[in-house]
Amino acid sequence: MLTPEKAWDLVCEHVQDEGLRRHMQCVGVAMGHYAKILGEDEKYWEAIGIVHDFDWEIHPNLNEHPMKGAVILRDRGVDEEAIRTVLSHFTEGSGVERETPIDFALLACDEITGLLVAGTLVRPSGDIREMKIKSVKKKWKDRRFAAGVDRDHVMEVTTDFSNACFEGKLDLWEHIGNVMQAMQDRAEELKLAGREA
Ligand SMILES: [Fe+2]
Ligand SMILES: [Fe+2]
């Protein structure tokens, strides 16, 4: 079974960009947090989050990612179920639909971490642990801020996750609060615990 360590090795081998590495770590911690809430395997969920974009730097386009990455994962002995989940984060290209809780969680945690990272990096302190949901709401409303984070898509995939895993009761801001909490809990690992002097 894929572990966070093996996932991280794959990332370090294929990704040099610190921001992209951190994106995957962030999705990993958010996934681990949700596994805990849902009584699932925390390490496995974290590993899936870490590995999901490992191929983005070698072919940063949606004609090849994550489909060509899947070939590499298979070659490295990653199990088919993990590969299926990774493929399901881009159904339009892969043709693989989200089916299981982990699939829905992955897509729901993916983009929103970008808004939280961007929101942290514009703070004078650079420390996510000081961030409050109120300031995230402001950034969310300003669509020019972290414009790559497609708010409508985030809402859509959060609703899908809520319906699949929370009987429709997980609302957008509770979800964003959960992801923020997960990232705050591991701020140092994510290098979001303040600027170095
Ligand atoms: Fe991706
Ligand atoms: Fe991603």
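Just above sits the structure.
Nothing here was measured: the structure is a model prediction, and the numbers come from that model.

### A closer look at the coordination of the iron ion (ligand 2)
Tetrahedral metal sites with four donors have an ideal angle of 109.5 degrees; octahedral sites with six donors have ideal angles of 90 or 180 degrees.
And step 1. The iron ion (ligand 2) binds to the protein through H23 (NE2), H52 (NE2), D53 (OD) and D110 (OD); the donor distances cover 2.1 to 2.2 Å.
And step 2. As a motif over one chain, the donors of the iron ion (ligand 2) read H-x28-H-D-x56-D.
And step 3. In this model, the iron ion (ligand 2) sits 4.1 Å from the iron ion (ligand 1), the two metals being bridged by D53. On the criterion of sequence distance, the pair formed by H23 in helix α2 (residues 18–38) and D53 in the loop between α3 (42–51) and α4 (67–75) is long-range, its members being 30 residues apart.
And step 4. Assessed through its relative accessible area of 18%, H23 is described here as buried.

### Some points on helix α1 (residues 4–14)
Every α-helix winds through 3.6 residues per turn, so residues three or four apart in the chain are directed the same way.
And step 1. Burial in α1 covers these residues: P4, A7, L10, V11 and H14. The arc that holds the buried residues of α1, viewed along the axis, is 125°, so those residues lie on one side. Summarising the geometry of α1, the exposed residues directed more than 90 degrees from the buried face are E5 and D9.
And step 2. Packed against the buried residues of α1 are α2, α3 and α4.

Rules behind the numbers
Residues numbered from 1 in each chain as written. Chains lettered and ligands numbered in written order. Predicted model: local features only at pLDDT ≥ 70, side-chain atom pairs only at ≥ 80, totals over all residues. Heavy atoms only, no water. Donors = N, O, S within 2.8 Å, 3.2 Å for Na, K, Ca; no water. Helix = DSSP H or I, 4+ residues; strand = E, 2+ residues; numbered from the N terminus. Buried < 20%, exposed > 50% of the residue type's maximum accessible area, 1.4 Å probe, protein only. Arc of directions from axis to C-beta. Contact = heavy atoms within 4.5 Å.

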